[in-house]
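Read off the chains here:
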Amino acid sequence: MPANVGFIFTLLAFAAGFAVRPLGALIFGRIGDIVGRKYTFLVTMTLMGVGTFFIGVLPSYAQWGIMAPVVLIALRLVQGLALGGEYGGAAIYVAEHAPADKRGYYTSWIQTTATLGLFMALLLILAIRNVMGEAAFADWGWRVPFLLSIVLLVVSIWIRLKLNESPIFQRMKDEGRTSKRPLKEAFGEWSNAKIALLALLGATAGEAVVWYGGQFYALFFLTQTLKVDATTAQVMIAIALALGTPFFIIFGWLSDKVGRKPIMLLGFALAVLTYAPASSVNIFKAITHYANPALESALATAPVTVAADPSECSFQFKMTGTEKFTTSCDTAKAAWSLRP
Amino acid sequence: MNYKNEEAPKGTPAVVKVGEEAIPTNRTDFVQALMAAIARHGYPVKADPDQINRLVTVLLLTVLVIFVTMVYGPIAAWLVELFPTRIRYSGLSLPYHIGNGWLGGFLPATMFAIVAATGDIYSGLWYPVVVAAMSFVVGLLFLPETKDVDITR
């Protein structure tokens, strides 16, 4: 495949999984409120498992041509849709079973799973890479984690088939009090839509950027910006994830005592304080100091400046690597990408 | 690469300065000269494994994970309690996945795009800072504490 076409498909495949999650939320949220929690998250998990497994058996571009990346993107869409329905079901199912004064503690166990998933994925990839070597991993070894996921799928389906419907939902259903048109009720009526909007702006938006910033961007910052080699970076992140994970439970438990709001707000505030580039306690600058001190001292002693006629400068974000830079300002800035 | 931008007079060719050393882009060997200057001033191509303080780096990464646990640990309960049972699944799922799927999933690309646009390796951090600050204010002023609500309603 031509390199630039390949990169576009890579970006699309990655983005597709995230982009359709809200659509999955609408489709499966509706089913979950009409049919039930148990049925819905059984369906979403099966879809997720099947989508993941099929990525592992996907023919290569050499065998299948353009169909290979197209089907890959389709499978990522399936995964994204499924996840859009999966999380809500899991959180609600556990919360509706939990004793009223232990809901934060019970649901916090679900909150560990995304991080534990990343942790296990990192360990598995590190292990497979080291056993079979880089070349074999790139050739076919990357398929192993996708294929192994079928084991988790089978275990999960078996467990979920034995579970009962959430008691709170079941009672509501028995009394015929469930919503017939939950989407209209949830987002078409201002009293409910207002809660959804405030939950997005006041809770999930901040939670998402703190989470993806602290976990994923931190990894890319180590490897892309500080040029720490991939294995060292992944091992350090994996250890940090292992050390930090018990705190999901601790803060979930604590939220049953002091409330959800103070802990969440304190988390937002601490992130603002320690992520802000201008902050004197910026954690990312501290990471530069300890992970790549040579870069830090070069930045301090020989800062680089590009002096150019501003009308000549265009936006430096190359999507495909094929754009041509013609002005002297662009020549200056494009030079960075030529660095080994 | 980290760099600052400076305005030059209209029509003059761009110049890259590494410390005190100026390298004009109209030199025929511009790229080689620039790479040589960067190397001479101590910019490393890779992080030197012997210079990485692994212990402190892991501790700093752990602090980042602990902030994650503060905002992610209690949020499932908070979201469940914010919505009535009739529409809980729909109501909770949409804001959760717009937040995590869109604002979160595209965060690495957004942050690196900001870095590429400004030249400052820390500038991408403004994105999570601005969004988290917004959530702090909106959450503080408009979202209720819910730990004692009756979720059977």
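Scroll up to find the structure.
Novice: Hey, could you go over the overall build of chain B for me, with residue numbers and the actual values?
Specialist: Each helix and strand in chain B was counted, giving 6 helices and 3 strands. Each helix and strand of chain B, ordered N terminal to C terminal, gives the series β-β-β-α-α-α-α-α-α. A compact globule built from 153 residues would reach a C-alpha radius of gyration of about 15 Å, whereas chain B, at 24 Å, exceeds it by more than 25%. Its C-alpha atoms give chain B principal-axis dimensions of about 75 × 45 × 25 Å. Counting only residues that meet the buried cut, chain B has 54% of its 153 residues in that class. Long-range contacts, defined here as pairs at least 24 residues apart, represent 43% of the contacts in chain B between residues at least 6 apart.

Novice: So what's going on with the overall build of chain A? Which residues, and what values?
Specialist: Along the backbone of chain A there are 17 helices and 1 strand. Burial analysis of chain A (340 residues in total) assigns 48% to the buried set. Summing over all exposed atoms, chain A offers an accessible surface of approximately 15200 Å²; the carbon and sulfur share of this is 71%. A gap of 5 Å separates the mean positions of the 27 positive and 19 negative side-chain charges of chain A.

Novice: Give a detailed account of the environment of A:Leu198, specifying residues and quantitative values.
Specialist: Tracing the sequence through the fold places A:Leu198 in helix 11 (residues 190–225). In this structure A:Leu198 comes out as buried when scored by relative accessible area, which is 18%. Residues contacting A:Leu198, with those up to four places away along its chain left out, are A:Ala203, B:Val138, B:Phe142 and B:Leu143.

Novice: Lay out the packing of aromatic side chains in plain terms, naming residues and giving numbers.
Specialist: Applying the stated criterion across every chain, the model contains 20 aromatic pairs over all chains. For the pair A:Phe41 and A:Tyr93, a centre-to-centre distance of 5.1 Å together with 55° between the ring planes defines the contact as tilted. Placement of A:Phe41 in helix 3 (residues 37–56) and of A:Tyr93 in helix 5 (residues 67–97) is noted, with a sequence separation of 52 residues between them. A:Tyr93 carries the same exposure label as A:Phe41, and that label is buried. Ring geometry for A:Trp211 versus B:Tyr72: centroids 4.4 Å apart, planes at 25°, classification stacked.

Novice: Residue-level account of a nonpolar patch on the surface, with values.
Specialist: Residues and elements named next belong to chain A. Taken together, Leu-124, Leu-148, Val-151, Val-155, Trp-158 and Ile-159 make up a surface patch of nonpolar side chains, about 540 Å² in accessible area. Counting residues per element, the nonpolar patch draws most heavily on helix 8 (residues 143–161), at 5 residues. Take Val-155: it is sitting in helix 8.

Novice: Please give an account of the interface of chain A and chain B that cites residues and values.
Specialist: Every contact between the two is made by 147 residues of chain A and, on the other side, 122 residues of chain B. In total, chain A and chain B occlude about 12500 Å² of area from one another, counting both sides; carbon and sulfur atoms represent 74% of this. Seen at the junction of chain A and chain B, the total is 4 salt bridges. As a salt-bridge pair, A:Glu185 and B:Arg86 come within 2.7 Å of each other at their nearest N and O atoms. Joining chain A to chain B, the criterion identifies 44 residue pairs in polar contact (both at pLDDT 80 or more). Taken together, the residues that form the side of chain A that touches chain B break down as 91 nonpolar, 37 polar and 19 charged. In this sheet, strand 1 (residues 4–7) of chain B lies alongside strand 1 (residues 304–308) of chain A in parallel orientation, the contact comprising 4 bridges. By the bridge assignment for strand 1 of chain B, A:Val306 is matched with B:Asn5.

Novice: Quick rundown of the side chain of B:Glu81? Include the residues and the values.
Specialist: Residue position: B:Glu81 is located in helix 3 (residues 75–82). Judged by relative accessible area, which is 1%, B:Glu81 ranks as buried. At 2.6 Å, the side chain of B:Glu81 forms a polar contact with the side chain of A:Arg260.

Novice: Can you lay out the sheet that holds strand 1 of chain A for me, pointing to particular residues and giving the numbers?
Specialist: Read from one edge to the other, the open sheet built from 4 strands follows the order 1(B)-1(A)-2(B)-3(B), with strand pairing classed as mixed. Each edge of the open sheet is held by one strand with a lone partner, namely strand 1 and strand 3 (21–24) of chain B. Neighbour-to-neighbour, the strand axes of this sheet turn through a mean angle of 25°, independent of strand direction.

Novice: Break down the nonpolar core for me, with residues and values.
Specialist: As a rule of thumb, nonpolar side chains are buried together in soluble globular proteins. Within the largest apolar cluster, 106 residues are counted, with the highest numbers of intra-cluster contacts made by A:Leu222 and A:Ile287. Among the elements that take part in this core, helix 11 of chain A stands out by supplying 14 residues, more than any other. Setting aside chain neighbours within four positions, we find A:Ile287 in contact with A:Phe221, A:Leu222, A:Leu226, A:Asn292, B:Thr57, B:Leu60, B:Leu61 and B:Leu64.

Novice: Describe in detail the pairing of strand 3 of chain B, supporting the description with residues and values.
Specialist: Residues and elements named next belong to chain B. Pairing geometry for strand 2 (residues 15–18) and strand 3, over 4 bridges, is antiparallel. Looking at the pairing, Val-16 lines up with Ile-23 of strand 3. Remark: 2 residues form the turn of the hairpin made by strand 2 and strand 3, two consecutive strands paired antiparallel; Gly-19 in that turn has positive phi of roughly 60°.

Novice: Which residues make up helix 3 of chain B, and what values go with them?
Specialist: The periodicity of an α-helix, 3.6 residues per turn, causes residues three or four positions apart to be oriented the same way. Of all 8 residues making up helix 3 of chain B, 8 are buried, and the element is well covered by its neighbours. Looking only at helix 3 of chain B, the buried set comprises B:Ile75, B:Ala76, B:Ala77, B:Trp78, B:Leu79, B:Val80, B:Glu81 and B:Leu82. Here the buried face of helix 3 of chain B lies against helix 5, helix 6 (103–132), helix 11 and helix 14 (260–275) of chain A together with helix 2 (54–72) and helix 4 (88–104) of chain B.

About the cut-offs
Residue numbering note: each chain is counted from 1, following its sequence as written. Labels are handed out in written order, letters beginning with A for the chains and numbers beginning with 1 for the ligands. Note on the predicted model: pLDDT of at least 70 is required for a residue's local features to be given, and 80 or more for side-chain atom pairs to be given and counted; whole-chain, interface and lining totals, by contrast, use all residues. Each side-chain value is worked out from all heavy atoms of the structure, with water and hydrogens disregarded. Strands here are runs of E lasting at least two residues and helices are runs of H or I lasting at least four, both read from the DSSP assignment and numbered beginning at the N terminus. In this treatment the radius of gyration is a C-alpha quantity, and the globule benchmark scales as 2.2 Å times the residue count to the 0.38 power. With a 1.4 Å probe rolled over the protein chains alone, any residue whose accessible area is under 20% of its type maximum counts as buried; one over 50% counts as exposed, and the rest are partly exposed. The contact criterion used throughout is that any non-hydrogen atoms of two residues lie within 4.5 Å. We get accessible surface area from the Shrake-Rupley algorithm with a probe of 1.4 Å; when it comes to residues, only the shown protein chains can shield them. In this count, Lys and Arg are taken as positive residues and Asp and Glu as negative ones, while His and the chain termini are left out. To locate a charge, take atom NZ for lysine, CZ for arginine, CG for aspartate or CD for glutamate. Here a Phe, Tyr or Trp ring, Trp counted by its six-membered ring, pairs with any other such ring whose centre lies within 6.5 Å, and the pair is stacked when the planes are under 30 degrees apart, edge-to-face when over 60, and tilted otherwise. Residues enter patches when their relative accessible area tops 30% and they take part in no salt bridge; the joining distance is 9 Å for like charges and 5 Å for the nonpolar side chains Val, Leu, Ile, Met, Phe, Trp and Tyr. Just to be clear on terms, a salt bridge is a Lys or Arg side-chain nitrogen sitting within 4 Å of an Asp or Glu carboxyl oxygen. Note on terms: buried area is the combined drop in 1.4 Å-probe accessible area of two parts once they are placed together, counting the loss on both. Pairs of N or O atoms are called polar contacts if they sit within 3.5 Å, as long as, within protein, a hydrogen donor faces a hydrogen acceptor (for residues adjacent in sequence, only side-chain-to-side-chain pairs). Charged residues are taken to be Asp, Glu, Lys and Arg, nonpolar residues to be Ala, Val, Leu, Ile, Met, Phe, Trp, Tyr, Cys and Pro, and polar residues to be all remaining types, Gly included. We treat two strands as partners when DSSP finds at least two bridges between them. Only the stretch in contact is used when fitting a helix axis, every axis being a line fitted to C-alpha atoms; angles between N-to-C directions are given from 0 to 180 degrees. Working definition of a nonpolar core: buried Ala, Val, Leu, Ile, Met, Phe, Trp, Tyr and Cys residues. They are joined through side-chain atoms within 4.5 Å.

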